[in-house]
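Overview (structure and organization)
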Amino acid sequence: TFTHFLPRAYRRPVTTREVDLVANLAIARLNEGASFNQALRTGLQRALVSPGFLFIQEPAAKPRRLNDYELASRLSYFLWSTMPDDRLFRHAASKRLHKSAVLMSEIKRMLADPKSREFVENFAGQWLSVREFGTIAPAEQYTEYDKELEESSKEEAFAFFSEVLANNLPITSFLDSDFLVINERLARHYEIDNVQGKHFRRVALTPQNHRGGIFGMAGLMTLLADGTRTLPVRRAAWIRENIFNNPPPPP
């Protein structure tokens, strides 16, 4: 059992010694009078609190190139926020994952998989401050603002990021674009016609819309205000820090 479980738990081949450490602990519990299930649970607990399971490891003594199993884990946790799937493990076992053609093919496959939503939410959620959208609520006199608009504004950032990623669009699209990715609720807020339904879709813009990129997104504009007024200095500081990696010095 542990011979099959540990390579999955540690995301790499394991040594006989590693298997024996866990198996011997379970055997010791059996010898103490525990049931088979209790002994098995003890062995599993030992595996699940070990560094091999909890951390993405590599030897720290001397820098070296990642092996294929280490590359598979880093790729999977980066794009999927979870362990490698069977296909990545097969490539790692055959020592083919580091080859450029195989690696690019796997990256494209992983980005096309629904699990890549984890990358979108984690990366865009941090970079574009989407995790903070909704923490600043407009004052009560802004009666148009409701929960549906708040939730839609969060999804807009993710949907826009996904559109740029999926179509390999220029990074400058985040600064300015001739499209938005919105649903009916946001279109109504932005005064854009002919958008119906809750699902998000790419919508072409005209110069008269005065939108495009991330800076006009409702969620970001709300976050960088105080609920009653705009805060140009706060917005400028956010742009310098998050877009240009050049945060302003303390006042």
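This write-up is about the structure you can find in this document. Here the structure is a predicted model, which means the values were calculated and not measured. (Residues numbered from 1 in each chain as written. Predicted model: local features only at pLDDT ≥ 70, side-chain atom pairs only at ≥ 80, totals over all residues. Heavy atoms only, no water.)

1. Some thoughts on the layout of surface pockets
Each pocket or cavity is described by its volume, and for the largest pocket that value is around 470 Å³. If you trace the largest pocket, you find 25 residues lining it, with Pro 138, Tyr 142, Ala 218, Met 221 and Thr 222 closest to the centre. Every element with two or more residues in the lining of the largest pocket is listed here: α9 (147-166), α10 (184-190) and α11 (218-223). Residues belonging to the lining of the largest pocket are distributed by class as follows: 11 nonpolar, eight polar and six charged. (1 Å grid on protein atoms, 1.4 Å probe; cavity = no way out; pocket = protein on both sides within 12 Å on 5 of 7 lines; lining within 4 Å. Points joined across faces, edges and corners; volume = space filled by probe spheres on them. Helix = DSSP H or I, 4+ residues; strand = E, 2+ residues; numbered from the N terminus. Nonpolar A, V, L, I, M, F, W, Y, C, P; charged D, E, K, R; others polar.)

2. Notes on unusual backbone geometry
The backbone phi angle of Lys 95 is positive, close to 60°, even though this residue is not glycine. Its location among the elements puts Lys 95 in the loop between α6 (86-93) and α7 (100-112).

3. Regarding the pattern of salt bridges
In total, this model carries 17 salt bridges according to the counting rule given. Glu 106 is the salt-bridge partner of Arg 109, the closest N and O atoms lying 2.7 Å from each other. In this pair, Arg 109 and Glu 106 are both assigned in helix α7, three residues apart and thus about one turn of the helix distant. Linking Glu 155 and Arg 117 is a salt bridge whose minimum nitrogen-to-oxygen distance equals 2.8 Å. Taken together, the residues span a long stretch of sequence, with Glu 155 in helix α9 and Arg 117 in helix α8 (residues 117-127) at a distance of 38 residues. In the salt-bridge network here, residues are joined through shared partners; they are Asp 85, Arg 87, Glu 106 and Arg 109. (Salt bridge = Lys/Arg side-chain N within 4 Å of Asp/Glu carboxyl O.)

4. What about α8?
Each full turn of the α-helix corresponds to 3.6 residues, which orients residues three or four apart in the same direction. For α8, the complete set of buried residues consists of Phe 119, Val 120, Ala 124 and Gly 125. Those residues of α8 hidden inside the fold are in contact with α5 (68-79) and α9. Once α8 ends, the next one or two residues include Ser 129, with phi positive near 60°. (Buried < 20%, exposed > 50% of the residue type's maximum accessible area, 1.4 Å probe, protein only. Contact = heavy atoms within 4.5 Å.)

5. Structural notes on the environment of Phe 160
Mapping Phe 160 onto the fold places it in helix α9. Among the residues examined, Phe 160 registers a relative accessible area of 1% and is labelled buried. In sequence terms Phe 160 and Ser 173 are 13 residues apart; their C-alpha atoms lie 9.5 Å from each other. With near-sequence residues (within four places) excluded, Phe 160 lies in contact with Ser 173, Phe 174, Ser 177, Phe 179, Val 181, Gly 213, Ile 214 and Met 217.

6. Considering the nonpolar core
With 41 residues, the main nonpolar core has Phe 160, Ile 182, Tyr 190, Ile 192, Ile 214, Met 217 and Leu 220 as its most contacted residues. By size, the runner-up hydrophobic cluster in this structure holds 10 residues, among which are Ala 9, Val 19, Val 22 and Ala 23. (Core = buried A, V, L, I, M, F, W, Y, C linked by side-chain atoms within 4.5 Å.)

7. Some remarks on a nonpolar patch on the surface
On the surface, a cluster of nonpolar side chains totalling about 470 Å² of accessible area is made up of Leu 48, Val 49, Phe 53, Leu 54 and Phe 55. Topologically, Leu 48 is positioned in helix α3 (residues 36-48). You can call Leu 48 partly exposed: its relative accessible area is 35%. (Patch = residues over 30% accessible without salt bridge, like charges linked within 9 Å, V, L, I, M, F, W, Y side chains within 5 Å. Areas by Shrake-Rupley, 256 points an atom, 1.4 Å probe, with all protein chains shown as cover.)

8. Let's talk about the packing of helix α2 (residues 16-31) against α3
At a closest axis distance of 8 Å, the pairing of α2 and α3 adopts a crossing angle of 150°. Crossing geometry of α2 relative to α3 is assigned as right-handed. Residue-level contacts link Leu 21, Val 22, Leu 25, Ala 26, Arg 29 and Leu 30 of α2 to Phe 36, Gln 38, Ala 39, Thr 42, Gly 43 and Arg 46 of α3. When grouped by side-chain class, the residues that make up the contact of α2 with α3 number seven nonpolar, three polar and two charged. (Axes fitted to C-alpha atoms, helices over the stretch in contact; angles between N-to-C directions. Left-handed = near helix turned anticlockwise from the far one by under 90°.)

9. Looking at the side chain of Ser 76
By the element assignment, Ser 76 lies in helix α5. In terms of polar contacts, Ser 76 uses its side chain to reach the backbone carbonyl oxygen of Thr 82, at 2.6 Å. If we skip the residues at most four places from it in the chain, Ser 76 touches Ser 81, Thr 82, Met 83, Pro 84, Leu 88 and Met 110. (Polar contact = N/O pair within 3.5 Å; in protein donor to acceptor, adjacent residues only side chain to side chain.)

10. Let's talk about the packing of helix α1 (residues 2-10) against α3
Interaxial distance between α1 and α3 falls to 11 Å at its minimum, and their mutual angle equals 25°. By the criterion of interaxial angle, the relationship of α1 to α3 is roughly parallel. Between α1 and α3 lies a crossing whose hand is right-handed. Across from Phe 2, Phe 5, Leu 6 and Tyr 10 in α1, the residues of α3 making contact are Leu 40, Gly 43, Leu 44, Ala 47 and Leu 48. Partitioned by chemical class, the residues of the contact of α1 with α3 number eight nonpolar, one polar and no charged. (Parallel < 35°, antiparallel > 145°, perpendicular 65-115°, else oblique.)

11. Quick word on the side chain of Glu 70
Among the secondary structure elements, Glu 70 is positioned in helix α5. A relative accessible area of 10% places Glu 70 in the buried class. Polar contacts involving the side chain of Glu 70 include one to the side chain of Arg 64, which spans 2.7 Å. Contact partners of Glu 70, with chain neighbours within four places excluded, come to Gln 57, Glu 58, Pro 59 and Arg 64.

Such coordinate-based values are descriptive only and should not be taken to indicate function.
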